[in-house]
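Here's the letter readout for the chains.
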Amino acid sequence: GFFSVFCLRIGLNTMEYKQMIKTACDEAKGKILVGAGIAGKPLEGDLEMIDFCEKAGCSHFSIIPDALPGHQPRTEEEFYQAFLPRIEATSLPVVLYARVAPYYRHFGIDGVPIRVFNRLADLPGVVAVKVSQPVSLTATAQLCEQMCDRLLIGPTNLDFVPFLAKHYHQQWSGEWNVEAV
């Protein structure tokens, strides 16, 4: 069954997004978890949004790497440093978001920054990686190989789950698009 809802900002201005998060947190309180997507503003704006999410009652948030505004990291260190202040600014659990990003192909298969995620997995607040539908089985298996001993890896492609469960400690498949509808 459903255990959480994930609020996405798509098509909303900041005020509308905050209202959606607040409404979701108020309605879900004590019933299901509520997460929100962070990134899409400069660092100061994201830190403000993280603070809002904490106060509104969110249970976790996800950092969406290719939504980092005006920031196309050229190195893995730049990528890591883009995530770090957002993660360190909160006690909320953080879900990394793996998605196909062609302009990040130099960081890994499908543009998933696997080595960066592997470093971030060592931070105490990072708890999971949500793997979006179009990410390949190869990239998903690499994420599992390197991080499933430390993080929950949640593929949304259900065709992958039997294979991953057989070879890795697969516990979760979630944050599908249906949760955002």
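See above for the structure.
Residues numbered from 1 in each chain as written. Predicted model: local features only at pLDDT ≥ 70, side-chain atom pairs only at ≥ 80, totals over all residues. Heavy atoms only, no water.

**Q** Go over the pairing of strand S4 (residues 94–98), please, and point to the residues and values.
**A** Summarising burial for S4: 5 of the 5 residues are buried, a large majority. Pairing between strand S3 (residues 60–63) and S4: 3 bridges, direction parallel. Note on S4: the bridge partner recorded for Ile63 is Leu96. One ladder, built from 5 bridges, connects S4 with strand S5 (residues 126–131); its direction is parallel. (Buried < 20%, exposed > 50% of the residue type's maximum accessible area, 1.4 Å probe, protein only. Helix = DSSP H or I, 4+ residues; strand = E, 2+ residues; numbered from the N terminus. Pairing = 2+ DSSP bridges.)

**Q** Now, about the nonpolar core: what can you tell me, with residues and values included?
**A** Ile21, Phe117, Leu120, Val129 and Leu143 are the most contacted members of the largest nonpolar core, which totals 51 residues. Contacts of Leu143, omitting those with residues within four sequence positions, involve Ala98, Val112, Ile114, Phe117, Val129, Val131, Cys148 and Ile153. (Core = buried A, V, L, I, M, F, W, Y, C linked by side-chain atoms within 4.5 Å. Contact = heavy atoms within 4.5 Å.)

**Q** Please set out helix H3 (residues 76–88) residue by residue, giving values where relevant.
**A** Between its first and last C-alpha atoms H3 spans 18 Å; for 13 residues at 1.5 Å apiece the expected length is 18 Å, and the two agree. Along H3, the residues that are buried comprise Phe79, Tyr80, Ala82, Phe83, Leu84, Arg86 and Ile87. Looking at the packing, one finds that the buried side of H3 touches helix H2 (43–56), S3, S4, helix H4 (114–120) and S5. (Expected span 1.5 Å × (residues − 1).)

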